[in-house]
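# Geometric and topological summary
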Amino acid sequence: RKEVEQDPGPFNVPEGATVAFNCTYSNSASQSFFWYRQDCRKEPKLLMSVYSSGNEDGRFTAQLNRASQYISLLIRDSKLSDSATYLCVVTPTGNQFYFGTGTSLTVIP
Amino acid sequence: DTEVTQTPKHLVMGMTNKKSLKCEQHMGHRAMYWYKQKAKKPPELMFVYSYEKLSINESVPSRFSPECPNSSLLNLHLHALQPEDSALYLCASSHRENNEQFFGPGTRLTVL
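Cut-offs and rules
Residues numbered from 1 in each chain as written. Chains lettered and ligands numbered in written order. Predicted model: local features only at pLDDT ≥ 70, side-chain atom pairs only at ≥ 80, totals over all residues. Heavy atoms only, no water. Salt bridge = Lys/Arg side-chain N within 4 Å of Asp/Glu carboxyl O. Helix = DSSP H or I, 4+ residues; strand = E, 2+ residues; numbered from the N terminus. Buried < 20%, exposed > 50% of the residue type's maximum accessible area, 1.4 Å probe, protein only. 1 Å grid on protein atoms, 1.4 Å probe; cavity = no way out; pocket = protein on both sides within 12 Å on 5 of 7 lines; lining within 4 Å. Points joined across faces, edges and corners; volume = space filled by probe spheres on them. Nonpolar A, V, L, I, M, F, W, Y, C, P; charged D, E, K, R; others polar. Phe/Tyr/Trp six-rings, centres within 6.5 Å; stacked < 30°, edge-to-face > 60°.

### Regarding the pattern of salt bridges
Residues and elements named next belong to chain B.
- Scanning the model with the defined rule gives 8 salt bridges over all chains in all.
- Of the charged contacts, one joins E52 and R30 as a salt bridge, the two residues approaching to 2.9 Å between their closest N and O atoms. Pair noted here: E52 is in the loop between β5 (44-50) and β6 (53-57) and R30 is in the loop between β3 (18-25) and β4 (31-37), with a separation of 22 residues, a long-range link.
- Looking at E52, the relative accessible area reads 33%, which means it is partly exposed.
- Overall, R30 belongs to the partly exposed group, its relative accessible area being 29%.
- Here K36 makes a salt bridge to D85, at a shortest N to O gap of 4.0 Å.

### Some thoughts on empty space enclosed by the protein
- Applying the stated criterion across every chain, the model contains 1 cavity of 30 Å³ or more.
- For the largest cavity, the calculated volume is near 30 Å³.
- Grouping the amino acids of the lining of the largest cavity by side-chain chemistry returns 4 nonpolar, 2 polar and 2 charged.

### Notes on the packing of aromatic side chains
Residue and element names in this part refer to chain A.
- Applying the stated rule across the entire model yields 13 aromatic pairs over all chains.
- Pairing Y25 with F33 gives two aromatic rings, centres 4.9 Å apart and planes at 50 degrees, and the pair type is tilted. Taken as a pair, Y25 and F33 share a single burial class, namely buried.
- Measuring from centroid to centroid gives 6.5 Å for F34 and Y36, while their planes differ by 70 degrees, and the two rings are edge-to-face. Here F34 and Y36 have matching classes, each one buried.

Here it is, written out as structure tokens:
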């Protein structure tokens, strides 16, 4: 079983739409969770960490559900510039970082 | 300084060549990482250095040899690579274990 499972999409949504991505993880002892964004032929960039209490940064909201072992990312009022691949990351222990396969998002005018 | 730098940006090498990739950060991070990323795939962890000591080697072939000369620098020495090793090689750093990682722009490697 993979450490992290993520729906690869693609998600094609109109501008202004709300879109949500989920990742499930297999190791219940996982400690830290992150969402990264990667544009074509660029490096991944940290979007936000995911905290147990949930956290929000502008139009982006991240949630963690330890009981069901998944994390989510909600993007409200989608912009064209949100088009990218979104990668979830889970750290089971120490320096192990496991990436999901990435979800491709295209925001359409 | 809040960035990770990598050189070169692009590298083309033959299967008999020896080359090195370089990574540098000045954020005081004590963990540094090498990843390999193929097209349309997520990054795959290769090596982790924590406090300048190799802490994780994800069963990477010996033709890839990492080196951490000091807390700011990370090298990846390449020798006798195969065409299937062509990929984007990403360096990352984090303050300590389990912290957010910050990635460099990567070196796009082509092995002929």
